[in-house]
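As a plain string of letters, each chain reads:
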Amino acid sequence: MLKVEEQTPVVFSSELLAKFDDVKSRYPEGKHKSALLPLLHLVQAEYLWVSTHAMDRVAEYLNIQPIEVYEVATFYTMYFLKPQGKYALEVCRTGPCCLVGAEKILDHLESKLGVKEGEVTADGLFSFRGVECLAACGFGPVLQISPDYTFYENLTTESVDKLIEDLKNK
Amino acid sequence: MSRKLLLEHINVPGINTLDVYRQKGGYRAVEKALKTLTPEEIVEEVKKSGLRGRGGAGFPTGMKWSFLAKPEGVARYLVCNADESEPGTFKDRYLMTYIPHALIEGMIVSSFALGAKVSYIYVRGEMMPQIRILEKAIAEAKAAGWLGKNILGTGYDLELYVQPGGGAYICGEETALLESLEGKRGNPRIKPPFPAIAGLYGCPTVVNNVESIAAVVPIINDGGEEYAKIGIGRSTGTKLISASGNLVKPGVYEIELGLPVEEFIYSDEYCGGIANGKRLKATVAGGSSVPVLPANLTLKLANGEPRLMSYESLSEGGFATGTMMGSGGFIAFDEDQCIVRNTWNFSRFYHHESCGQCSPCREGTGWMEKVLHKIEHGHGSMEDVDLLWDIQRKIEGNTICPLGDAAAWPVASAIRHFRDEFEWHIKEPVKSQQQNYGLAYYANPIEKAPVTEEK
Ligand SMILES: Cc1cc2nc3c(=O)[nH]c(=O)nc-3n(C[C@H](O)[C@H](O)[C@H](O)COP(=O)(O)O)c2cc1C
Ligand code: SF4
Ligand code: FES
């Protein structure tokens, strides 16, 4: 799952480190490991994925073992361990959304983007995947777009087409 | 119209801001609690209210609070569970999106009652927009002196932080949540010790759902006895119901507990009936983990009396003919939906979300997913139905946390009530790939549009 690939070394900017410091201040003395999940989100928001290099730097920052970061990054589904499209589309594929057409939306994305789930389009703009219930079941089908997790509800194939065109033209 | 305690002002423009929230009476509960009540008196009011945890288990909140250990010189924590990931449930996200201050006000009052000086709201990571909303609201509250040092000059200090999760349903389980908040994998802990004794950082901790915490506000404003007058029996107060599936008006509704299920589904005040003029086939009344019921048992108890939206009435008849209130995620299936397909989907979900610590859950959920996939796609055999029954029985009760049960119950109830639909998939491998099984007898007594009397 976690493969050490050829990766460019990572140096965190001072702005990012200032954000790290702010997060770290939320926990009692000695409990700074609690900052790990929020820090990984900050890293992902900056680089669009979480490389092993970045994880090692996070481990150094928190003064914990790299394995403590890897085991967390691989447990949770939100951390991308390989690069994604600039817009990573995540469609809910759980029961209630399927009652109102989520599977059709996933099929449509596959043919529209011409890539399979988890792959990135040739222009680097898009990737997509099915995710589990996003707590918006009454407004399904739904999708979110990382890294800032903008949310779209009551999807139709037409609204998905429009969304993709809008993102292309952004 | 029924009484609204949580969503009364949901449509007021700007209610997400501190100013408008204040104009509508917001933060009165903080003033009353900090200035006129002792922590013990607040716990007493919550006990009197009869409030039961809204996160799924329905444990009385006041009682949970009174179990909190209070050793000298040891910090105590309140952690709000905003991990909301149970399929069919979306009320907490709704509340946090539109009335974030209701949660913050509840957190201040509850933290004061429990003697917590630092509290966390653990929000599932996918809810980044809601995290931003909460952080903005906390900053507003802090600037206005409702948080921070010496709140309202009472000497009480409280810091409130939002913690994002990383994407894992299991982190809704309270001990997995605490592990996650400590920066670890979300593996549930073996209980005891319970969080009330050793929770966050090994300190006494209370974990409560978003809606439970928000409900403390009206309880303090109006008094526990007033709150307890709403509802029926031991199901007091109002409850947010997330309605999804094939309904005319899916969405979040605040109901007075005790509302007839039929009225909830068909009246225009709530869901407005089944979408596209179709008929109801089945429901999952309390989020994906609770047993699925055919339409007839959804609307009526086995003895023919109307079923009500209350903890007791929904579970009336046990698992033979009843279900559970759970988290209040009400999913409606119309006549064209396939129970086998949905059960397979749910099993896939639980397999995906199993943390992997216990073999019955880790392996069993995978087996159930595979067998259900086989049946749904026309490759099943009759023994597979018995195999499924056998697997779910071996999971239930044999795991560290209730996710195992939650994975077993949907499968058990689907076989219990819809066995002929499973068998039809097996006997008709070709036809079942082209059409649906339909309603069958269990929904027959239900007319196209039952007439309900307006209250
Ligand atoms: C697998 C699993 C997932 C859960 N998910 C949630 C959740 O998302 N939100 C929640 O409030 N409670 C959830 N719970 C219940 C919590 O463990 C806990 O009972 C609850 O947060 C207590 O708060 P309450 O008493 O206010 O309901 C979950 C339980 C299990 C076993
Ligand atoms: S029951 Fe499942 S989710 Fe819960 S601790 Fe065991 S393996 Fe993990
Ligand atoms: S099932 Fe899709 S948001 Fe809940």
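Residues numbered from 1 in each chain as written. Chains lettered and ligands numbered in written order. Predicted model: local features only at pLDDT ≥ 70, side-chain atom pairs only at ≥ 80, totals over all residues.

**A few points about the interface of chain B and chain A**
Taken together, the contacts link 45 residues of chain B with 34 residues of chain A. With six residues, helix α15 (residues 339-353) of chain B is the single largest residue contributor to the side of chain B that touches chain A. For the side of chain B that touches chain A, the residue count by class is 17 nonpolar, 21 polar and seven charged. (Contact = placed C-beta atoms within 7 Å. Helix = DSSP H or I, 4+ residues; strand = E, 2+ residues; numbered from the N terminus. Nonpolar A, V, L, I, M, F, W, Y, C, P; charged D, E, K, R; others polar.)

**A few points about the domain arrangement of chain A**
When cut into domains, chain A gives domain 1 (14-75) and domain 2 (87-168). Relative placement of domain 1 of chain A and domain 2 of chain A: their C-alpha centres are 28 Å apart. (Domains from an automatic or database assignment.)

**Things to note about unusual backbone geometry**
The omega torsion of the bond from Gly140(A) to Pro141(A) falls at -10 degrees, within 30 degrees of zero and hence cis. Among the secondary structure elements, Pro141(A) is positioned in the loop between β2 (126-131) and β3 (143-146). For the peptide bond that leads from Lys191(B) to Pro192(B), omega is -10 degrees, which places it in the cis range. Inspection of the secondary structure assignment puts Pro192(B) in the loop between α8 (174-181) and β5 (205-209). Not every positive phi belongs to a glycine, and Tyr201(B) is a case in point at roughly 55 degrees. Positionally, Tyr201(B) belongs in the loop between α8 and β5. With 17 C-beta atoms packed within 10 Å, Tyr201(B) lands in the partly exposed category. Unlike most non-glycine residues, Asn276(B) shows phi in positive territory, near 55 degrees. Mapped onto the elements of the fold, Asn276(B) is located in the loop between α11 (261-266) and β11 (280-284). By the C-beta count within 10 Å, which is 9 here, Asn276(B) ends up exposed. (Buried ≥ 20, exposed ≤ 12 C-beta atoms within 10 Å, placed from the backbone.)

**Some words on the sheet that holds β3(A)**
All names here are of chain A. Taken in spatial order, the four strands make up an open sheet running β2-β1-β3-β4, and their pairing is mixed. Two strands close off the open sheet at either side, each with one partner strand: β2 and β4 (150-152). Pairs of neighbouring strands in the sheet enclose a mean axial angle of 25 degrees, with direction left out of account. Bridge count between strand β1 (residues 87-92) and β3: four bridges; the pairing is antiparallel. Opposite Leu89, over in β3, you have Ile145 as the bridge partner. (Pairing = 2+ DSSP bridges. Axes fitted to C-alpha atoms, helices over the stretch in contact; angles between N-to-C directions.)

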